[in-house]
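So the chains spell out like this:
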Amino acid sequence: MSSRKIRSGDEVIVISGKDRGRRGTVNRVLEDKVIVDGINIAKKHVRSDPNQGIQGGIEEREMPLHISNVMLYNPDTQKGERVGFKWLGEGSDRRKVRIYKSSGEVVDA
């Protein structure tokens, strides 16, 4: 398990840019960028390639957003929240979990 603040499958809210205020689910996490379903759509011109069966034209694609432009969405407060880490348990049962900074409650069950 990686110790990233935003992971694939998380629900996030966009805090800056043209899609500010919109919510979506993280599809992929790249180095310092995330691809969110249905957010940051751009039109890409695609050249046809008959050998690979690709038809040319203009297609809409989800483009990456910088990870600093999204916040983890907290369904309890209906807002974006900052995320921190905390160690739970003792000894061999010890594990690192994500928490909401405002309330201290655990993000991952």
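See the structure shown above.
Here goes a summary of the coordinates provided.

Rules of the game
- Residues numbered from 1 in each chain as written.
- Predicted model: local features only at pLDDT ≥ 70, side-chain atom pairs only at ≥ 80, totals over all residues.
- Heavy atoms only, no water.
- Helix = DSSP H or I, 4+ residues; strand = E, 2+ residues; numbered from the N terminus.
- Rg over C-alpha atoms; globule rule 2.2 N^0.38 Å.
- Areas by Shrake-Rupley, 256 points an atom, 1.4 Å probe, with all protein chains shown as cover.
- Lys, Arg positive; Asp, Glu negative; His and termini not counted.
- Charge placed at Lys NZ, Arg CZ, Asp CG, Glu CD.
- Phe/Tyr/Trp six-rings, centres within 6.5 Å; stacked < 30°, edge-to-face > 60°.
- Lys NZ or Arg CZ within 6 Å of the ring centre and 35° of its normal.
- Pairing = 2+ DSSP bridges.

Helix and strand content of the protein chain: zero helices and ten strands. If you list the helices and strands of the protein chain from N to C, you get β-β-β-β-β-β-β-β-β-β. Its C-alpha atoms give the protein chain a radius of gyration of 18 Å, more than 25% over the compact-globule value 13 Å for 109 residues. With respect to the three principal axes, the spread of C-alpha positions in the protein chain is 60 × 30 × 20 Å. Element-wise, carbon and sulfur atoms account for 45% of the exposed surface of the protein chain, whose accessible area totals about 7600 Å². A distance of 5 Å separates the average location of the 21 positive side-chain charges in the protein chain from that of its 16 negative side-chain charges.

A few words now on the packing of aromatic side chains. Taken as a whole and assessed by the stated rule, the structure comprises zero aromatic pairs. The cationic tip of Arg 23 hangs over the ring face of Tyr 73; the distance from NZ or CZ to the ring centre is 4.2 Å. Lying over the aromatic face of Phe 85, Lys 96 brings its terminal NZ or CZ to 4.7 Å of the ring centre.

Once that is clear, we can look at the sheet that holds strand S3 (residues 33-36). Read across the open sheet, the six strands follow the order S6-S3-S2-S1-S7-S8; overall the sheet is antiparallel. The open sheet has two edge strands with one neighbour each: strand S6 (65-66) and strand S8 (79-81). Inspection of the sheet shows strand S1 (residues 11-14) paired to strand S2 (residues 23-29) by three bridges, in the antiparallel sense. Residue pairing across strands places Ile 13 opposite Arg 23, the latter belonging to S2.

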